[in-house]
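Analysis of the macromolecular model
Residue strings, one per chain:
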Amino acid sequence: MMEDTYFYILLTDTGTLFTKSIKKYTKAPYNHVSLSFDSELKELYSFGRKRPSNPFNGGFVREDVENGTYRKYPGTTCVLYRMTVSKREVEKMRRIIGVFQKKETKWFYNLLGVIGVSINEPVEIDSSYFCSQFVSDVLHRSGIKLWDKLPSLVTPDDFRQSDRLEWVYEGKLYDYQPVRLRMT
């Protein structure tokens, strides 16, 4: 019998001009999503800013809760979810993330895809993702289907609405205490 484990979905709102613009349109409380393999959020992956001060230089990123973009925006709010999966599914996710890591500079932010989501028209560009498209694609390719829609049409709010994800924490990102997870 294979042992189960968790992966984590972190939704955030940094309060930047870009997220405020998206929020005006989506009316969703969080407009960025990341995938983590641990409750401490040490292994956190997404598509977003490569440099905290430059919103136009985006792509595949290993995010750092203590530094980088989140440090630049210490008032970031978040909600964290987890999902039980098999170790095999986690291995698949790690392999897929590994492909992104090996060719880190090859990947670009799919801004046209964000616009496509807003008009319900998938825009898929080679070597290009936006955050929710990336996380959804990694899960889908690992055998985890949360929705019956293309990854290029998945929004961060779709994760918040999923009944398959278990709520862990909501509040200021810097107030999050992973120790709480060990008690549940």
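In this numbering scheme, every chain counts its residues from 1 along its sequence in written order. The predicted origin of the model limits local features to residues at a pLDDT of at least 70 and limits the giving and counting of side-chain atom pairs to 80 or more, whereas totals for whole chains, interfaces and linings rest on all residues. Only hydrogens and water are removed before side-chain values are computed, so all heavy atoms of the structure are retained for them.

**Details of the nonpolar core**
Only buried residues count toward a nonpolar core. Its members are Ala, Val, Leu, Ile, Met, Phe, Trp, Tyr and Cys residues joined through side-chain atoms within 4.5 Å. Exposure classes here rest on a 1.4 Å probe applied to the protein chains alone. A residue is buried below 20% of its type maximum, exposed above 50%, and partly exposed in between. The biggest cluster of nonpolar side chains holds 32 residues, and the ones touching the most others in it are Phe7, Ile9, Met93, Phe134, Leu139 and Phe159. Strands here mean DSSP runs of E at least two residues long; helices mean DSSP runs of H or I at least four residues long; both are numbered from the N terminus. Of all the secondary-structure elements, those providing two or more residues to this core are β1 (4-13), β2 (32-36), β3 (44-51), β5 (77-86), α3 (87-102) and α5 (131-141). In contact with phenylalanine 134, other than residues within four places in its own chain, are Tyr45, Ser46, Phe47, Phe60, Ile97, Phe100 and Tyr129. One finds Tyr8, Val168, Tyr169 and Tyr176 within the second-largest nonpolar core, a separate group that totals 12 residues. For this analysis, residues touch if any pair of their heavy atoms sits within 4.5 Å.

**What about the environment of tryptophan 147?**
If you trace the backbone, tryptophan 147 turns up in the loop between α5 and α6 (156-161). The class for tryptophan 147 is buried, based on a relative accessible area of 16%. For the pair tryptophan 147 and serine 53, spaced 94 residues apart in sequence, the C-alpha separation works out to 34 Å. With residues near it in sequence (within four places) discarded, tryptophan 147 still touches Ser136, Val154, Asp158, Phe159 and Ser162. At 3.5 Å, the side chain of tryptophan 147 and the backbone oxygen of aspartate 158 are in polar contact. Two N or O atoms count as a polar contact when they lie within 3.5 Å, although within protein this holds only if one can serve as hydrogen donor and the other as acceptor, and sequence-adjacent residues are included solely when both atoms are side-chain atoms.

**Description of the confidence of the model for the protein**
Of the residues in the protein, 95% reach a pLDDT of 70 or more, and the chain-wide mean stands at 90. Per-residue confidence from the predictor is reported as pLDDT, which spans 0 to 100. Predicted confidence for residues 179-184 stays below pLDDT 50, and this span has 9 contacts to residues more than four positions away or in other chains.

**Structural notes on α5**
For α5, a buried count of 9 out of 11 residues is recorded, marking the element as mostly surrounded by other parts of the structure. Turning to α5, its buried residues number three or more, namely Cys131, Ser132, Gln133, Phe134, Val135, Ser136, Asp137, Val138 and Leu139.

**Things to note about the sheet that holds β1**
Two strands pair under a simple rule: DSSP has to find at least two bridges between them. As summarised here, the arrangement of the 6 strands in space is β4-β3-β2-β1-β5-β8, forming an open sheet in which the pairing is antiparallel. Taken across any chain shown, the strands that pair with only one partner, and hence form the sheet edges, are β4 (54-63) and β8 (166-172). Along the sheet, successive strands turn relative to each other by an average axial angle of 30°, direction set aside. To obtain an axis, a line is fitted to C-alpha atoms, over the contacting stretch when the element is a helix, and the angle between two such axes runs from 0 to 180 degrees between their N-to-C directions. Strand contacts of α3: β1, β2, β3, β4 and β5, with the helix running at about 120° to β5, the strand carrying the most contacts. Set on the sheet, α5 makes contact with β1, β2, β3 and β4; between it and β2 the angle comes to about 35°.

**A word on the pairing of β3**
Burial analysis of β3 places 6 of its 8 residues in the buried class, the great majority of the element. Bridge count for β2 against β3 is 2 bridges, and the pairing is antiparallel. Of the residues in β3, the one forming a bridge with serine 36 is leucine 44. With 7 bridges joining them, β3 and β4 adopt antiparallel strand pairing. Paired with arginine 49 across the strands is glycine 58, a residue of β4. Connecting β3 to the antiparallel partner β4 that follows it, the hairpin turn spans 2 residues.

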